[in-house]
Amino acid sequence: MSMAIAEIDDAPAPPNLRPLAPPVTLCVVCYGSHAGLARRFLESLYACTDPSLFSLRAGLNEVEPETRRLFERYASRHGNVDVVIEPRNVFKNPMMRRLFHERPLTSRWTLWCDDDTHFTQTDWLPQLARQIDQHPGVAMWGAIHYILCQHPSVLDWIRRAAWYRSLPFPEESMPDGTRTPRFEFATGGFWALRTEVLHALNWPDPRLIHAGEDVLLGEALRQNGHVLGDFTSGVCINDAPRRNADAREVSQLPQ
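About the cut-offs
- Residues numbered from 1 in each chain as written.
- Predicted model: local features only at pLDDT ≥ 70, side-chain atom pairs only at ≥ 80, totals over all residues.
- Heavy atoms only, no water.
- Helix = DSSP H or I, 4+ residues; strand = E, 2+ residues; numbered from the N terminus.
- Buried < 20%, exposed > 50% of the residue type's maximum accessible area, 1.4 Å probe, protein only.
- Contact = heavy atoms within 4.5 Å.
- Core = buried A, V, L, I, M, F, W, Y, C linked by side-chain atoms within 4.5 Å.
- Phe/Tyr/Trp six-rings, centres within 6.5 Å; stacked < 30°, edge-to-face > 60°.
- Lys NZ or Arg CZ within 6 Å of the ring centre and 35° of its normal.
- Expected span 1.5 Å × (residues − 1).
- Salt bridge = Lys/Arg side-chain N within 4 Å of Asp/Glu carboxyl O.
- Pairing = 2+ DSSP bridges.
- Polar contact = N/O pair within 3.5 Å; in protein donor to acceptor, adjacent residues only side chain to side chain.

**Details of the overall build of the chain**
A count of helical and extended segments in the chain gives seven helices and eleven strands. Burial statistics for the chain: of 255 residues in total, 53% are counted as buried. When contacts within the chain are restricted to residue pairs at least 6 apart in sequence, long-range pairs at least 24 apart make up 84% of them.

**Quick notes on the nonpolar core**
Formed by 43 residues in total, the largest nonpolar core has its most connected members in Leu56, Phe71, Leu111, Phe119 and Trp124. Of the residues forming this core, the biggest block, seven residues, is contributed by helix H1 (residues 35-48). Setting aside residues no more than four positions away along its own chain, Phe71 makes contact with Val28, Cys30, Ala38, Leu42, Leu56, Ala58, Leu60 and Val83.

**Considering the environment of Thr120**
Along the chain, the position of Thr120 falls in the loop between strand S6 (118-119) and helix H4 (124-134). If near-sequence neighbours (up to four positions away) are discounted, Thr120 is found in contact with Cys48, Gly234, Val235 and Cys236.

**A closer look at unusual backbone geometry**
Looking along the chain, the bond that leaves Trp203 and enters Pro204 is cis, with omega of 0°. With respect to the helices, strands and loops of the structure, Pro204 is situated in the loop between helix H6 (195-201) and helix H7 (213-223). At Phe91, a residue that is not glycine, the phi angle is positive and equals roughly 75°. Mapping Phe91 onto the fold places it in the loop between strand S4 (81-86) and helix H3 (92-101). Owing to a relative accessible area of 28%, Phe91 belongs among the partly exposed residues under this scheme.

**Some remarks on the packing of aromatic side chains**
For the coordinates displayed, the defined rule picks out twelve aromatic pairs. In this structure an aromatic cluster arises from ring pairing among Phe41, Phe119, Trp124 and Phe190. Positioned over the ring face of Tyr74 is Arg77, at 5.0 Å from the centre of the ring. Positioned above the aromatic ring of Tyr146 is the side chain of Arg182, whose terminal nitrogen or guanidinium carbon lies 3.9 Å from the ring centre.

**Considerations on H1**
Between its first and last C-alpha atoms H1 spans 20 Å; for 14 residues at 1.5 Å apiece the expected length is 20 Å, and the two agree. Among all positions of H1, only Ala35, Leu37, Ala38, Phe41, Leu42, Ser44, Leu45, Tyr46 and Cys48 are buried.

**Here's the deal with the pattern of salt bridges**
All told, the structure shown has 13 salt bridges when counted by the stated rule. Residue Glu72 is joined to Arg68 by a salt bridge in which the shortest nitrogen-to-oxygen separation is 3.0 Å. With Glu72 and Arg68 both in helix H2 (residues 65-78), this residue pair falls four residues apart, about one helical turn. In this structure Arg68 comes out as partly exposed when scored by relative accessible area, which is 31%. The partner of Asp82 in a salt bridge is Arg103, and the shortest N-O contact between them spans 4.0 Å. Here the residue Asp82 occupies a position in strand S4, and Arg103 occupies one in the loop between H3 and strand S5 (109-114), the gap between them amounting to 21 residues. Residue classification places Asp82 among the buried residues on the basis of a relative accessible area of 7%. With relative accessibility at 30%, the residue Arg103 sits in the partly exposed group. Salt bridges sharing common partners tie together Arg39, Glu66 and Arg69.

**So, the pairing of strand S9 (residues 179-194)**
Of all 16 residues that make up S9, 13 are buried, and the element is covered over most of its length. Note that strand S7 (residues 138-148) and S9 share eight bridges and pair antiparallel. Considered in S9, the bridge of Leu148 is made with Arg182.

**So, the pairing of S5**
With six of six residues buried, S5 lies mostly within the body of the structure. Along S5, one buried face is formed by Trp109, Leu111 and Cys113 and the opposite face, lined by Thr110, Trp112 and Asp114, is buried too. Where strand S2 (residues 24-31) and S5 come together, five bridges link them in parallel fashion. Note that in S5 the partner of Leu26 across the bridge is Leu111.

**Regarding the environment of Arg97**
One can find Arg97 in helix H3. Take Arg97: its relative accessible area is 23%, and that puts it in the partly exposed class. In this structure, Arg97 is in contact with Glu102, Asn202, Trp203, Pro204 and Pro206, ignoring residues within four places of it in sequence. At 3.0 Å, the side chain of Arg97 and the backbone oxygen of Asn202 are in polar contact.

Laid out in structure tokens, this is it:
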């Protein structure tokens, strides 16, 4: 069920935010009985961010009633929230696709948060805009990490992707003399991505269910010549235990 609450006026942006062309679109998925995380996310977001600078799309996956009431309350108060409600858990990536594609994204940048993300500084969005202005070649910003891939099935899965461009995988030498593919990515708890790139990649990959999409997005960007940039100022990421520990990981992707 989709509940369209309101739209934001496309007002002129302050000079220090013009690279973002506000309002940006910020998306979040909440799951299960974790209203405390939803409350922390919303309270910190609205305490640290001018509501005129963003629109919020929230996917509620099998949430408890208090979580739904929280988002409805903020929607009524601020008028910049759109909520998609699923009574059963459809998992992170199918819900992400709904938030990104059911209603077209029109902002220049799309931001993603997990429900355990929260904000700690009132200038986090101006700082992000400053980075974007200073580094126009960067397509995605977030907390950059690296991971070694020791599962050949994942490499086969990537090779079958519509976004795969046959670029060789970067490799790292191991102590035993072998070489292992090494992926660079922005961790999935928070990132900012050029919306035109998101559309071009048709992200998330329709085959994805829950975990590991951040690693694969990093590789999809690299395959298509896009650059990552490191940004975490004023944003606290991965600040709670994993909420759905049995969901499929990258290493368990279907063939």
